[in-house]
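Overview (structure and organization)
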Amino acid sequence: MNGVTAAAVNAPATPHANGEPAPYLDDAAYEGLWALWREARSHVAQGEASGADRVARLLFEEARLLDERLYDAWLASFLPQCLYWVPRRHEPADPRTETGIYLDDRRRLGDRVAMIRGGHLHAQTPPSRTRRMLSNIEHWTGPGDSVRARANVVIWEYRKGQMRHYAGSQVYALAPDAQGRLAMQTKIVHLLDCDAPQGNYSFIL
Amino acid sequence: MPRLAPGARHASPYDALVRPDGMVHRTLFTDPAIFEQEMLKIFGGTWVFLLHETEIPNANDFKCVNIGRRPVIVTRTADGEIRALMNRCTHRGTVICVQPHGNAKRFQCAYHGWTFTNTGELSTVTFAEGYGPGFDKAAHNLGRFPLVASYRGYVFGSLDPDVEPLEDWIGPATALIDWSVDKLNTPGARVVQTSSMVFQANWKLQNDNNGDMYHVPFTHRSVGEATSARHGSGKGLDHFRGDQTPMYVKYYGHGHKLIDQRPAIPSPWERARPVPGREAAADALEQRFGPTKAREYLDMTGRAGINLILYPNLIIAGAGSFNVYEPVAVDRTIVHSYGVVLDDAPAEVNTLKNRFLEDFTGFGYRDDNEIFERIQQGLGNVPEMEWVDFSKGLGTGRETTGADGAITGNVSDETGIRGAYDYWKVLMCRDFLPRVLV
């Protein structure tokens, strides 16, 4: 411990023979650990962030809602007239002229969620566990009060004993909602291997 | 190998694996040695789908495909003839073309610079003075399929030069190809790839499944229920609720089978799930062309109607889409999906077609793939249970043979799947090896 003894740091009443603190995993310690876990699962950042913090917070929040499969909150975090595009080609053309992996309006996003929720989507039985890593976040101002952003993403997926990963970049259009708070309007997920034969993308990308 | 009755003898080891009572042996899906033989005797032993003519429309266009794992360059020569060349240098075996598609008169091997024309002829041997008088340049042309032929734009190749003519092999199923092509038969119709997917299971599971309506209400329950709950009945897969319907399955011989949904789909447009942009596109078309013509256009946008599976690797799905199965290993398969773009139709028609093509490939195929992988797990790991049951319809008296020899069954019967396994046995029991021309 870089020459500093545990006893000096923690100053326990009764130092253990190995220099470790006295036994402390009691009910109160368990309560604290369990409460920390539950708090972290449900905590939403409070208060007004500004600038880069505000944008990053929205992007992280959207990723977390998907990872936690909180689909009602996830759908509600998008503006009513939202679009969700996952291109199928590395250099996509105008999406009117070619198919995507997704090109969803709110109605088809709602279908996507309903199919998972219905309990009979075999490809999500059991469901995928996912963790999205966002980095390289950049943002700039769009028309009016809107904000554009892009980020790199790595999605780790665990399902049926197998860990898979997906990498790509994401593009976002953010705009004020009816209450004037910035919200997600459009999201584009551009996977590195979007034009390769796809495995079972049955979770929401 | 399966247990045989005492004293039973079979001319071919494959004969006993497909039984007349509809039972098929598990090793067809799990044995790598059988898979290797399929690449010779099935993918090398009959007509196999290569590509659509409109994918290589111009002189010197080419596209690379894999046919029973063989890397193949399909070229259109300067004369307009379509050739299928083995993408393998005749010097050391190197794959010579790594571009998925393009336009080229010649292909040069990156290893020692040998150059071949797009007809397959070896045109240049580098530092040729190093080869003695025994070197026969003409014997070093690229290997090519002895037969290439097309029907209504669908191009097939055969490594068996003695196979029957393509139209005879397709047989009465040509009428279904005609129906599908004539639906969208405009000069501006061209085929584009729309998606591809990979699953960890045997290729025949996909071939079976495309001729299987029995699974639809169960495997695709997520799509059916969410669609009915959110958009009302009569949409999406609603016509597949029970098995007493005007739809039917059919077996045409040579492994070709059909599910005909058309009797249950008076209007593809009204049946279709509400895809994104549906309302705006319909409004635009009605304003421009009036309701009657607009409905004609809108009925071109969906993909339901028929599943016509031409053995071993092509399924034509309705009018304007088809899939190609690419076997990779005994337990790994890639499926490529294609759509039709109509360059001479209003833009809204093509936009809607794209949204429809995303819909079932996105929502339906994922459950199919999950089921294929579960089957592979079940068949691959319980050797004590040897047989798979494809007997549905047998002995019921509800299968009928028509004047053209095709057998029709109830829509949930396994009539066509059994037929495909009969053809599998015919091909696998042959004493045959594929051949190339040079």
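Okay, empty space enclosed by the protein next. This structure, assessed with the given rule, holds 6 cavities of 30 Å³ or more. Considering only enclosed or pocket space, the second largest cavity measures out at about 320 Å³ in volume. Lining the second largest cavity are 24 residues, and of these A:I101, A:Q198, B:S195, B:T361 and B:G362 lie nearest its centre. Mapped by element, the contributors of at least two residues to the lining of the second largest cavity are β2 (100-104) of chain A together with β12 (189-199), β18 (332-342), α10 (347-363) and α11 (365-381) of chain B.

Moving on, we get to the confidence of the model for chain A. Residue and element names in this part refer to chain A. Predicted confidence across chain A gives a mean pLDDT of 89, with 91% of residues reaching 70 or more. Across chain A, the element-wise mean pLDDT spans from 47 in helix α1 (residues 6-10) up to 97 in strand β4 (residues 147-159). Throughout residues 1-9 the model reports pLDDT below 50, and contacts reaching past four residues in sequence, or to other chains, amount to 6 contacts.

In this complex, chain B contributes 36 residues to the contact, which on the side of chain A involves 33 residues. Our count for the chain B to chain A interface comes out at 7 salt bridges. One salt bridge connects B:E358 with A:R108, and the closest N-O pair in it is separated by 2.5 Å. Counting across the chain B and chain A interface gives 30 residue pairs in polar contact (both at pLDDT 80 or more).

Residue and element names in this part refer to chain B. Where helix α2 (residues 32-41) meets helix α12 (residues 415-428), the axes come as close as 10 Å, and the angle between the chain directions of the two elements is 80°. Of the possible angle classes, the one that applies to α2 and α12 is roughly perpendicular. On α12, the residues touching I34, Q37, E38 and K41 of α2 are W424, L427 and M428. Per-class residue counts for the contact of α2 with α12 are 4 nonpolar, 1 polar and 2 charged.

Another aspect to go through is the pairing of strand β3 (residues 61-67) of chain B. All names here are of chain B. Taking burial as the measure, the 7 residues of β3 include 5 buried ones, the bulk of the element. Judged from the 3 bridges that link them, β3 and strand β6 (residues 101-103) form a sheet pairing that is antiparallel. Bridge pairing in β6 places D61 opposite N103. Pairing of β3 with strand β4 (residues 70-76), which is carried by 6 bridges, proceeds in the antiparallel orientation. Bridged to C64 within β4 is I73. Where β3 folds back on β4, the antiparallel hairpin that results is connected by 2 residues, among which G68 adopts a positive phi of roughly 55°.

Here is what the cut-offs are and how they apply
- Residues numbered from 1 in each chain as written.
- Chains lettered and ligands numbered in written order.
- Predicted model: local features only at pLDDT ≥ 70, side-chain atom pairs only at ≥ 80, totals over all residues.
- Heavy atoms only, no water.
- 1 Å grid on protein atoms, 1.4 Å probe; cavity = no way out; pocket = protein on both sides within 12 Å on 5 of 7 lines; lining within 4 Å.
- Points joined across faces, edges and corners; volume = space filled by probe spheres on them.
- Helix = DSSP H or I, 4+ residues; strand = E, 2+ residues; numbered from the N terminus.
- pLDDT = per-residue confidence, 0-100.
- Contact = heavy atoms within 4.5 Å.
- Salt bridge = Lys/Arg side-chain N within 4 Å of Asp/Glu carboxyl O.
- Polar contact = N/O pair within 3.5 Å; in protein donor to acceptor, adjacent residues only side chain to side chain.
- Axes fitted to C-alpha atoms, helices over the stretch in contact; angles between N-to-C directions.
- Parallel < 35°, antiparallel > 145°, perpendicular 65-115°, else oblique.
- Nonpolar A, V, L, I, M, F, W, Y, C, P; charged D, E, K, R; others polar.
- Buried < 20%, exposed > 50% of the residue type's maximum accessible area, 1.4 Å probe, protein only.
- Pairing = 2+ DSSP bridges.

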